[in-house]
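As a plain string of letters, each chain reads:
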Amino acid sequence: MLNRILVSIDGSPLSFQALDFAMGLGAACGSEIIVLHVAVPFDLSKLHSYEMEKLDDDIYEKIKKKATSKEELTEDEKAKAEAGALEVAKKKAAEAGYKTILFKEVIDNEPAKTIVKQASILMADAIVMGTSGLGLMSAALLGSVSGKVVSSAPCPVIIVR
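From a predicted model like this one, the values you see are computed outputs, not experimental measurements.

Here we take up the nonpolar core. Of all hydrophobic cores here, the largest spans 21 residues; its most connected members are Val7, Ile9, Ile33 and Val35. Looking at this core, the elements that each hand over two or more residues are strand E1 (4-9), helix H1 (13-29), strand E2 (32-39), helix H4 (85-96) and strand E4 (126-130). One finds Leu6, Val38, Ala112 and Met129 within the second-largest nonpolar core, a separate group that totals 15 residues.

Below, the structure is given as structure tokens:
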């Protein structure tokens, strides 16, 4: 039984498709969903008062449209999506009417390890995430976050493409 599903989002259209998938799966199983955003602090000046940028409706609509068309986001759209990832997730959950959902943000420079650790701490029965996030170039250089999660997760991992 899937009592608790952890969904990792990074602001990419694929991560929001993963959220949609998790909400569908969660609705069928009566699951609680925990949406996790791991913010990577490349800009250390943001750490003193880390606040999510207010995501305007125009960017939200572009993200939704590009998620369905599988178009890539521009660099500016990627930055805004990353900054407002939880805000977009909250809007999507509200639109879907999903009630048993929690939102969590963790600041760490190792997203894969953080996702696996949070899955253990939160006693997740499954992890749902997209195949690739905002940085295809960094994935090529550093390795895929989803691949690392699959190899060390304490529970089943569902990868959404």
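Below, the discussion takes up the packing of helix H5 (residues 111-121) against helix H7 (residues 145-152). As a packed pair, H5 and H7 sit with axes 8 Å apart at the nearest point and diverge in direction by 40°. Classified by the angle their axes make, H5 and H7 are oblique. Regarding H5 and H7, the two cross each other, and that crossing is right-handed. Contacts between H5 and H7 pair Pro111, Ala112, Ile115 and Val116 from the former with Val145, Lys148, Val149 and Ser152 from the latter.

Moving on, we get to the sheet that holds E1. The parallel open sheet is built from five strands, whose spatial order is E3-E2-E1-E4-E5. The open sheet has two edge strands, strand E3 (101-107) and strand E5 (157-160), and neither has a second partner. Averaged over all neighbouring strand pairs, the angle between strand axes comes to 20°, with direction disregarded. As paired strands, E2 and E3 are joined by seven bridges and run parallel to one another. In the sheet register, His37 faces E3, and the bridge partner there is Glu105.

Thresholds, definitions, all that
Residues numbered from 1 in each chain as written. Predicted model: local features only at pLDDT ≥ 70, side-chain atom pairs only at ≥ 80, totals over all residues. Heavy atoms only, no water. Core = buried A, V, L, I, M, F, W, Y, C linked by side-chain atoms within 4.5 Å. Buried < 20%, exposed > 50% of the residue type's maximum accessible area, 1.4 Å probe, protein only. Helix = DSSP H or I, 4+ residues; strand = E, 2+ residues; numbered from the N terminus. Axes fitted to C-alpha atoms, helices over the stretch in contact; angles between N-to-C directions. Parallel < 35°, antiparallel > 145°, perpendicular 65-115°, else oblique. Left-handed = near helix turned anticlockwise from the far one by under 90°. Contact = heavy atoms within 4.5 Å. Pairing = 2+ DSSP bridges.

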